[in-house]
Amino acid sequence: MKVLLLNMGLSLVITSSTLLAQTPVDNIEQSRQAELLHLLIQDCGSCHGLTLKGGLGPALLPENLTGKPVSFLTYTILNGRPGTAMPPWKGLLKPEEAEWIAAKLVKGVQP
Amino acid sequence: MKWLIFTLLLLSNTLFAQGTGDLGIIIERATGSVKVIENSGNSTLGTITGLGDLSHASAVYSRDARFAYVFGRDGGLSKLDLLSRTLVKRVMQSGNSIGGAISQDGKLVAVSNYKPGGVRIFDAETLDLVADIPATYGEGNLLSKVIGLVDAPDQRFIFSLWDAGEIWVVDMTDVKNPKITKFKQIGKNPYDALITPDGRFYLAGLFGEDGMALLDLWNLQQGVRRILPDYGKGLKKLPVYKMPHLEGWAIAGNFAFVPAVGLHEVLVINTLDWTEAGRIPVHGQPVFVMARPDGRHVWVNFAVPDNDTVQVIDSLSLKVIKQLQPGKGVLHMEFEPRGEEVWLSVRDKNKVQVYDTRDFSVKAELFADTPSGIFFSYRAHRIGL
C-alpha cells in the first residue's frame, strides 16, 4: 500500500512536472548553468564520483539511468531518498535547476 | 674511465642527497595528478601525472617516508617515489575504492573497496595481491561497501561495513591466513572511523542512527560499545550534503572532537569515560575536525554551501576563536609535523594556502589544479595514518 501511494505520489509529480516542462535551459542564466555544472561534478561527485561512476552513491552515467525519466530524477534530487544518504537538495536548488541537472545526467556529462 | 664515472656518481649522490621528512603530496583531483611539495620552505618540487580518477583520493606512506601509496576512486593503487618524482607502479585493484592503510611493519598495503565490497591487501614493495577479503554479509552473498580502514598495532587492519553495520578486525601476522574477527550489529551505516593515536580505541561514526560505535582493542572480548546513545535524538537534522570525516588526530588532550552529522556542531567527547563533554556551535556542517599536533587548537572545515569557511576552536575554552574565509571549496587541511603552519586546499581557487597557526596570517600560496587531500610524509610514523 505504501509503495502504491508512493508510486501515485511520484506519478503525480511526474505528470505535473511533465505538463509544466519547458526546456529548463531557457530560463537559466549561462553563468548559473556553469555553477550548476560545477556543483554536479564537484558536490554530487563527492558521493557519486567525479566521473559519476559511483561511490557511496550509485553510478549516474546515462546507461545507469535508462528507464528513469528526467522528472523522476528531478524529484529525487529535490527531495532526496529517505533511508539512504541521498539528501534533499531543494534548500540549495530551485526545481528548474534540479531539472537542468537531471537532464544533463540523462544526456551524459562531459567534465 | 669506469672509476671516474663511479666516483662522479658517488659524489653526485652525496651532493644531491635529500631527506624526505618535510615532503608531502597534494592531490589534484580533476587532473589525476599530484604535486610533490616540501614544507620547510613551502614550495612545489614537481608534479606526478597519470593517477586516474582521484576524487576522494587519500594516501599513506612507506616507513622510509620515500614512497606514497595513493588510493584513487577508480580502484587504482599508485606507488609514487617522492625523491625521483615518478610513478613507480600502478595497479587497478578494484572497480571503485575509498581509502587505504599500511601495516605496522610497513610490508602490506590494504585498500578498502566499494565495488566489489571488501578489502584487498598488497605487498608494499611489488603491489602484488597478498590477500582478498570480500565483505560478505547477510546470507553470505551480499557484499558491503567498506569504509574507515585503519592500521592497528599487532599487525592488524580494522574496517567497517557501511551496508552491513559491522566492524572487522583482521590480523595479518600470517599473510597466507588472515584471521578475521567480526563484530556485528554495531549500528546502521557506519560512515567513517578513527583509531586513537595510541592505537587502542577504534571509533566509528554512524550515519543511519544516533551515537557512535566504540571498540577497545585492549579488550576485544568486551565487544563493540555504543557511546553517546542520546546524541541527536529527537532533533530534526539538516540534509547532509557531504559525509563528514573522522581522523585519528582529532584527539586533543582528554577530548576527542568529532563532526556532528546533520547539525552545525562539533561534538566533544571525554576519552576517559567516552561520555559527551560538550557541543560547540559552528558555522556549518563540519567535514574535517582536526587538532593541531599539540592539541591546543582544533580546525574545522564545512560541507557545501559553507565550504568557503574555516573555524578554529580553542580546546580549553571549547569556543570558536577565529573564523577564516579562504574561498570556495576548502576540502582538506594538513598541519606541518609540529603544527606551526597548516596547509589548506582551496579547490575553486586552484590554490593551496599555508597559514601561520599562531597569528592566522597567510605565509604562502601554491598553485594546484583543483586541490583536495594534502598528505605529509610524517604520516609514515603515525598509527592510524
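Fair warning: this is a prediction, and the values are worked out from it, not measured in the lab. (Residues numbered from 1 in each chain as written. Chains lettered and ligands numbered in written order. Predicted model: local features only at pLDDT ≥ 70, side-chain atom pairs only at ≥ 80, totals over all residues. Heavy atoms only, no water.)

Turning to the overall build of chain A, a few remarks are in order. If you tally the helices and strands in chain A, you get four helices and zero strands. When its helices and strands are written in sequence order, chain A yields α-α-α-α. Counting over 111 residues, chain A shows a buried share of 41%. (Helix = DSSP H or I, 4+ residues; strand = E, 2+ residues; numbered from the N terminus. Buried < 20%, exposed > 50% of the residue type's maximum accessible area, 1.4 Å probe, protein only.)

Right, let's talk about the interface of chain A and chain B for a bit. Opposite the 22 residues of chain A that make contact, chain B presents 23 residues. Here chain A and chain B share an interface that buries about 1800 Å² over both sides, 56% of which is from carbon and sulfur atoms. The tally of links from chain A across to chain B stands at zero salt bridges. The tally of links from chain A across to chain B stands at six residue pairs in polar contact (both at pLDDT 80 or more). Here the residues of the side of chain A that touches chain B sort into eight nonpolar, 12 polar and two charged. (Contact = heavy atoms within 4.5 Å. Buried area = accessible area lost by both parts, 1.4 Å probe. Salt bridge = Lys/Arg side-chain N within 4 Å of Asp/Glu carboxyl O. Polar contact = N/O pair within 3.5 Å; in protein donor to acceptor, adjacent residues only side chain to side chain. Nonpolar A, V, L, I, M, F, W, Y, C, P; charged D, E, K, R; others polar.)

On to the packing of aromatic side chains. Enumeration over the complete set of coordinates arrives at 10 aromatic pairs over all chains. Pairing Trp89 of chain A with Tyr241 of chain B gives two aromatic rings, centres 4.5 Å apart and planes at 40°, and the pair type is tilted. On the criterion of chain membership, the pair formed by Trp89 of chain A in the loop between helix H3 (70-79) and helix H4 (95-107) and Tyr241 of chain B in the loop between strand S21 (224-227) and strand S22 (251-252) is interchain, its members lying in two chains. Pairing Trp343 of chain B with Phe376 of chain B gives two aromatic rings, centres 5.2 Å apart and planes at 85°, and the pair type is edge-to-face. Highlighted residues: Trp343 of chain B in strand S31 (residues 341-346) and Phe376 of chain B in strand S34 (residues 371-376), separated in sequence by 33 residues. With respect to burial, Trp343 of chain B and Phe376 of chain B carry one shared label: buried. Here a set of aromatic residues connected by ring pairs shows up, and it is made of Trp299, Phe335, Tyr355 and Phe360 of chain B. Geometry around Phe67 of chain B places Lys79 of chain B over its ring, the cationic atom sitting 4.7 Å from the centre. (Phe/Tyr/Trp six-rings, centres within 6.5 Å; stacked < 30°, edge-to-face > 60°. Lys NZ or Arg CZ within 6 Å of the ring centre and 35° of its normal.)

Take H4 of chain A next. It helps to recall that an α-helix has 3.6 residues per turn; residues three or four apart then point in one direction. Residue and element names in this part refer to chain A. Taking 1.5 Å of rise per residue, the 13 residues of H4 would be expected to cover 18 Å, and the 18 Å separating its terminal C-alpha atoms lies within 8% of that figure. Buried within H4 we find Glu97, Ala98, Glu99, Trp100, Ile101, Ala102 and Leu105. Next to the buried residues of H4 lie helix H2 (30-48) and H3. The positive-phi residue at the C-terminal boundary of H4 is Gly108, with phi of around 105°. (Expected span 1.5 Å × (residues − 1).)

All names here are of chain B. An order of S30-S31-S32-S33 is seen for the four strands of this open sheet, with the pairing classed as antiparallel. Of all strands in the sheet, those with a lone pairing partner are strand S30 (330-335) and strand S33 (362-367), marking the two edges. Neighbouring strand axes in the sheet, compared pairwise and without regard to direction, differ in orientation by 20° on average. Pairing of S31 with strand S32 (residues 351-356) involves six bridges; the strand directions are antiparallel. Across the sheet, residue Ser345 finds its bridge partner in S32, namely Val352. (Pairing = 2+ DSSP bridges. Axes fitted to C-alpha atoms, helices over the stretch in contact; angles between N-to-C directions.)

So, on to the sheet that holds S21 of chain B. Residue and element names in this part refer to chain B. Strand order in the open sheet formed by four strands is S18-S19-S20-S21, and the pairing between neighbours is antiparallel. Of all strands in the sheet, those with a lone pairing partner are strand S18 (190-195) and S21, marking the two edges. Within the sheet, the average angular offset between the axes of one strand and its neighbour, ignoring direction, is 25°. Both strand S20 (residues 212-216) and S21 contribute to a ladder of four bridges, which runs antiparallel.

Right, let's talk about the pairing of strand S16 (residues 166-171) of chain B for a bit. Residue and element names in this part refer to chain B. Counted residue by residue, S16 has five buried out of six residues, so it is predominantly covered. Pairing analysis gives six bridges linking strand S15 (residues 156-161) to S16, with the strands arranged antiparallel. Within S16, the residue paired with Ile158 across the bridge is Val169. Hairpin connection between S15 and S16: a loop of four residues separates the two successive antiparallel strands, and Gly165 in this loop has a positive phi of roughly 65°. Looking at chain direction, S16 and strand S17 (residues 179-183) are connected through five bridges and run antiparallel.

Before going further, it helps to examine the environment of Lys237 of chain B. Positionally, Lys237 of chain B belongs in the loop between S21 and S22. The exposure class assigned to Lys237 of chain B is partly exposed, which follows from its relative accessible area of 32%.

For the rest of this paragraph, the subject is the pairing of S20 of chain B. Residue and element names in this part refer to chain B. Within S20, five of the five residues are buried, which leaves it mostly tucked inside the rest of the structure. Neither face of S20 is left uncovered, since the one carrying Met212, Leu214 and Asp216 and the one carrying Ala213 and Leu215 both have all their residues buried. Pairing of strand S19 (residues 201-206) with S20 involves five bridges; the strand directions are antiparallel. Counted as the bridge partner of Tyr202 is Leu215 from S20.

Right, let's get into the nonpolar core. Residue and element names in this part refer to chain B. Counting 29 residues, the largest nonpolar core has Leu203, Phe207, Met212, Ile227 and Ile269 as its most contacted members. Elements with a minimum of two residues in this core: S18, S19, S20, strand S23 (255-259) and strand S24 (265-270). Beyond its immediate chain neighbours, meaning those up to four positions away, Leu203 contacts Asp192, Ala193, Leu194, Met212, Ala213, Leu214, Ile227, Leu246, Ile269 and Trp274. In this structure, Val342, Tyr355, Ala364 and Ile374 belong to the second largest nonpolar core, which totals 26 residues. (Core = buried A, V, L, I, M, F, W, Y, C linked by side-chain atoms within 4.5 Å.)

Of all the 10 residues making up H3 of chain A, seven are buried; the element is thus mostly covered by neighbouring parts of the structure. Listed as buried for H3 of chain A are Ser71, Phe72, Leu73, Thr74, Thr76, Ile77 and Leu78 of chain A.

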